[in-house]
Amino acid sequence: MRSFSLSNSLPTHPALHRHFKPHSRQAILQCWQNGRASCWPLINSVRINGAPKVQTKGALIKTLASVADVSLEQEAATPSLPKGDMWSVHKFGGTCMGSSERIQNVANIILRDPSERKLVIVSAMSKVTDMLYNLVCKAKSRDDLYLSALDDVFDKHMRTAKQLLEGEDLAQFLGQLHTDVSNLKTMLRAIYIAGHATESFSDFVVGHGELWSAQMLSYAIKKSGQPCSWMDTRDVLIVNPTGSDQVDPDYPKSEKKLKEWFSSHNPANTIIATGFIASTDDDVPTTLKRDGSDFSAAILGALVHGRQVTIWTDVDGVYSADPRKVSEAVILPTLSYQEAWEMSYFGANVLHPRTIIPVMRLNIPIVIRNIFNLDAPGTVICEQPIDEAMDDETADNNINKLVKAFATIDNLALVNVEGTGMAGVPGTASAIFSAVKDVGANVIMISQASSEHSVCFAVPEKEVGAVSAVLHSRFRQALEAGRLSQVEVINNCCILAAVGQRMASTPGVSATLFDALAKANINVRAIAQGCSEYNITVVLKQGDCIRALRAAHSRFYLSKTMLAVGVIGPGLIGRTLLDQLRDQAAVLKEEFNIDLRVMGITGSKNMILSETGIDLTRWRELMKENPEKADLDRFMQHLQENHFFPNKVLVDCTADTEVANRYYEWLKQGIHVVTPNKKANSGPLDRYLKLRTLQRMSYTHYFYEATVGAGLPIISTLRGLLETGDKILRIEGIFSGTLSYIFNNFEGTRAFSEVVAEAKEAGYTEPDPRDDLSGTDVARKVIILARESGLKLELSDIPVRSLVPEPLRVCSTADEFMKKLPSFDAELAKERNNASDSGEVLRYVGVVDVVNKKGLVELKRYKHDHPFAQLSGSDNIIAFTTTRYKDQPLIVRGPGAGAEVTAAGVFSDILRLASYLGAPS
């Protein structure tokens, strides 16, 4: 290019008018008036008309530099772009910049950072971006209120600046603010007249929020005496629009622009840069779209090869699950890039997935920190952390550590396209998703059976109408011809995703997840897993979302195994159980990772309910102070509808047949049942068989150890024998603690009525001793064991020796019965004496004769050396004669009566349920 002969009259020289754009000419002329040397940075940075080649621009610069009396030596001394670990990159969001106090807080954080160089990216003040978008919308719709809305934006920044700045800094900022708002009024007026705004117009308007917040922060830092520069990233970041609401950074051009910016501005070591905004390759203002400030920080961090990028937010870090849905969610100290990517895609409030890409390529860590809690270390997102590198054996023993976190996406619909005509036909899937693309729907998950008979995919529920319509239209002929059988839409769905890099190639993770969901009675509608194995995705009913999230989170030891408990019958056993739960609650939480919450207690007249758990130190007072009227349907509904507790259990401590008749209904609804109530298992055989069939077919549990032997392991021992292949021949035992006490003390010359009165006084009998002496309770225990052994017997099939004299069975009260009982002592005294003469004792026993398929309850004589003759107090004893234990029966012996041991048996069943649901055993 030829050299221009220039005088000192730069403003009139043709080179200025021929090769520089009008706005650049104006800026250069302004600098010329202030002093010719100040033109140099602008001349070096602006774009040049008709001179795209570097050498052409260079020649122009040399020529114009000579006019401005700037030597080539000064050009050579211009700083280059520094890169490396000297850079600490920070990003502060709108919440962090929400007020003058918060902006000053941000400035203090930056000032305390000892890094050699600091690059700080800021968002607009909180809600300002939405306010600016609203301005454009009002102007487009020709709403005159756009002017007052603009005034609100101006007032917000003016008030903030006046609180934050002073003197010349305040004057300069307010002057620029006035100029910007005046220009915005002109542009918005044009939009108002046209009734339309291009995307570039909207982006130009919206980008002002970042410009103002960056300038205010830079002034706040300079106010402290530290040099600071601010950067309009529209001069640096070059992006290429790639589709709706998405842009791709042009890294080579952006790096070149950044070098030019450094050369022209010679910035301070602290630079405040605008987030969110950028320019296209044609110098048209644009934005990086929503969450663009994080993206800006990652891009700039990569361009300067920073040590790390710190994203400042209002949370302590990345949670293992949404803390609004899982209160036990924990802050994760580390995440790999891949894990963060997966979590952000599936809706976790981490980062936009694209934010991770720029830094991941250079292995630059991202740190998520809380500006309001500087003591919290936050979450580091980096390559697979060293402290997580476990060998295969360690991984196998720590399956709970393989899943890092869980994320959910709500309000989805599942679209299922199926038909035999799809199998083996190339292009079907392409046609489906091409149609979906045509209506602009976002496909979140895809699942296809290997038979190719069906393809299902999830889309946002608000888009499913358009998707269904276009698929019915596109495949109308295939549907009419029967090649496709249906295009089905399933509404009210959600996605649950389990994320963890160490899940890859590790057996058992999927099994554990699905087991947790099944035990919470949650049905999985669709499944997807990529070959990377970093996530497992399931589609569920929307109503099951929170319960599923909590069940999965709990199962992987990320939180405690939680059980919502409803207690029916706060009588002697019920209140004893509640006291035991109260006393053990803290120990169970701390040592066994089990969180039991009693959500309701109901008696026959009153009940109390809680959303978070009843204070068991005060439940008696609460039952008196503010109870509701007892309503079992309402009680069950309250327990069922609490989605924050994935696992629910009803504990029936009554002896009520009506309550027992509802077990089937509760189990079918996914509510576990634990009970000492014998009525269900000893009631009509068909009802019992229906109950057991449901239990075997589902993951809902029904535990009833305390129905036989109180706290003794009778049912579990019998099941253990059967499950290991043993064959039961006979079960014989003293099943009643009351009758055990009576016959252990019915010796010598003591009268039977005297011993019964003593037992009643000691609290061993029911209020009416006839309930014990009739033998019906023992008969129910016999029928329960007979049915567990495989016998199909009714209660009426069991002959029972009643100890209630027939004339006394019609006594109207217990007191009347006790007064008349001594008149009948002689008969039992005679039986005792006959047994004693033969060296034997009397014992009241129940027998299950499996060989002969019968059961009975009788008063039987045993030799003094027999185990049954050696009991004391109210102990129970049960002997199992089996093919393995034929010559010497297996004997279980121990306390078989009393509220403490019965409640302990029920408590043990509750803990066994917790173990089945995932608590450590």
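Conventions adopted
Residues numbered from 1 in each chain as written. Predicted model: local features only at pLDDT ≥ 70, side-chain atom pairs only at ≥ 80, totals over all residues. Heavy atoms only, no water. Helix = DSSP H or I, 4+ residues; strand = E, 2+ residues; numbered from the N terminus. Buried < 20%, exposed > 50% of the residue type's maximum accessible area, 1.4 Å probe, protein only. Contact = heavy atoms within 4.5 Å. Areas by Shrake-Rupley, 256 points an atom, 1.4 Å probe, with all protein chains shown as cover. Pairing = 2+ DSSP bridges. Axes fitted to C-alpha atoms, helices over the stretch in contact; angles between N-to-C directions. 1 Å grid on protein atoms, 1.4 Å probe; cavity = no way out; pocket = protein on both sides within 12 Å on 5 of 7 lines; lining within 4 Å. Points joined across faces, edges and corners; volume = space filled by probe spheres on them. Parallel < 35°, antiparallel > 145°, perpendicular 65-115°, else oblique. Nonpolar A, V, L, I, M, F, W, Y, C, P; charged D, E, K, R; others polar. Salt bridge = Lys/Arg side-chain N within 4 Å of Asp/Glu carboxyl O. Phe/Tyr/Trp six-rings, centres within 6.5 Å; stacked < 30°, edge-to-face > 60°. Lys NZ or Arg CZ within 6 Å of the ring centre and 35° of its normal. pLDDT = per-residue confidence, 0-100. Disulfide = S-S within 2.5 Å.

**Q** If you had to explain the overall build of the protein chain to someone new, which residues and values would you point to?
**A** What the protein chain contains, in helices and strands, is 36 helices and 30 strands. In the protein chain, which comprises 921 residues, the proportion classed as buried is 53%. For the protein chain, the share of sequence-separated contacts (at least 6 apart) that also reach a separation of at least 24 residues comes to 71%. Only carbon and sulfur atoms are counted for the fraction: they give 49% of the accessible area of the protein chain, which is about 40300 Å².

**Q** Which residues make up the sheet that holds strand 17 (residues 526-529), and what values go with them?
**A** The 6 strands are arranged 14-15-13-16-18-17 in an open sheet whose pairing can be described as antiparallel. Both outer strands of the open sheet, strand 14 (445-448) and strand 17, are each paired with one neighbouring strand and no more. Ignoring which end each strand starts from, the neighbouring axes of this sheet average 30° apart. Strand direction decides the pairing type here: strand 13 (residues 405-418) and strand 15 (residues 454-460), joined by 7 bridges, are antiparallel. Bridging from a neighbouring strand, V417 pairs with V455 of strand 15.

**Q** Explain the sheet that holds strand 10 (residues 334-336) residue by residue, including any values.
**A** One open sheet holds the 8 strands; their spatial order is 3-6-2-1-9-11-12-10, and the pairing between them is mixed. A strand with exactly one partner marks an edge of an open sheet, and here the two such strands are strand 3 (229-231) and strand 10. Direction aside, neighbouring strands of the sheet carry axes that sit 20° apart on average. Pairing geometry for strand 1 (residues 87-92) and strand 2 (residues 117-122), over 6 bridges, is parallel. The residue bridging W87 from the neighbouring strand is R117, located in strand 2. Packing against the sheet, helix 13 (residues 292-303) makes contact with strand 1, strand 2, strand 6 (270-274) and strand 9 (308-313), and its axis sits at approximately 155° to strand 2.

**Q** Outline empty space enclosed by the protein, listing residues and values.
**A** As enumerated under the stated definition, the model contains 2 cavities of 30 Å³ or more in all. The volume enclosed by the largest cavity comes to roughly 50 Å³. Every residue along the wall of the largest cavity is listed here: A516, K519, A520, A551, S554, R555, N647 and L917. Of the residues forming the lining of the largest cavity, the biggest block, 3 residues, is contributed by helix 21 (residues 545-555).

**Q** Give a description of the side chain of S218 that names residues and reports values.
**A** As for its placement among the helices and strands, S218 is situated in helix 11 (residues 208-223). Assessed through its relative accessible area of 2%, S218 is described here as buried. Apart from residues no more than four positions distant in its own chain, S218 is found in contact with C228, W230 and I272.

**Q** Explain the packing of helix 7 (residues 128-140) against helix 9 (residues 167-194) to me, using residue names and the numbers behind them.
**A** At a closest axis distance of 7 Å, the pairing of helix 7 and helix 9 adopts a crossing angle of 40°. Classified by the interaxial angle, the pair formed by helix 7 and helix 9 is oblique. Between helix 7 and helix 9, the contacting residues are L135, V136, A139 and K140 on the first element and L188, I191 and Y192 on the second. Among the residues making up the contact of helix 7 with helix 9, the classes are represented as 6 nonpolar, no polar and 1 charged.

**Q** Account for the pattern of salt bridges, with residues named and values stated.
**A** On inspection of all chains with the given rule, the structure shows 39 salt bridges. With its nearest N and O atoms 2.8 Å apart, the salt bridge here joins D544 to R547. The exposure class assigned to D544 is buried, which follows from its relative accessible area of 8%. Its salt-bridge partner being R634, residue E628 comes within 3.9 Å of it at the nearest N-O pair. Overall, the relative accessible area of 32% leaves E628 in the partly exposed class. Residues joined by salt bridges that share partners form a network here, namely D579, R582, D583 and R620.

**Q** Explain the packing of aromatic side chains residue by residue, including any values.
**A** Using the criterion set out here, one finds 15 aromatic pairs in the structure. Each ring, one from F92 and one from W312, has its centre 5.7 Å from the other, and the planes form 10°; the classification is stacked. One end of the pair, F92, is in strand 1; the other, W312, is in strand 9, with 220 residues separating them in the sequence. You can call W312 buried: its relative accessible area is 4%. Taken together through their ring pairs, the aromatic side chains of Y663, W666, Y702 and Y704 make up a single cluster. Just above the ring of Y251 sits the side chain of R361; from NZ or CZ to the centre is 4.2 Å.

**Q** Summarise the confidence of the model for the protein chain; cite the residues concerned and give the values.
**A** Averaged over every residue, the pLDDT of the protein chain is 86; residues scoring 70 or more account for 88%. This stretch, residues 1-10, has a pLDDT under 50; its non-local contacts, to residues over four places away or in other chains, come to 26 contacts. With pLDDT under 50 throughout, residues 390-397 is counted as low confidence; its partners more than four residues away or in other chains account for 6 contacts.

**Q** For the environment of T657, give the residues involved together with the corresponding values.
**A** Secondary-structure assignment places T657 in helix 25 (residues 657-660). When the C-alpha positions of T657 and A680 are compared, they lie 7.2 Å apart, and in sequence the two are 23 residues distant.

**Q** Requested: an account of helix 15 (residues 353-360), with residues and values cited.
**A** Burial of helix 15 is extensive: 6 of the 8 residues sit out of reach of the surface. Three or more residues of helix 15 are buried, namely P353, R354, T355, I356, P358 and V359. Tucked inside the fold, the buried residues of helix 15 contact strand 5 (246-249), helix 12 (251-265), helix 13, strand 9, helix 14 (337-345) and strand 11 (366-370).

**Q** Please provide a residue-by-residue account of the state of the cysteines, values included.
**A** Scanning all chains against the criterion turns up 0 disulfides. Looking at the unpaired C545, the closest cysteine sulfur is the one in C494, lying at 3.7 Å. Under the relative-accessibility criterion, C545 is labelled buried at 3%.

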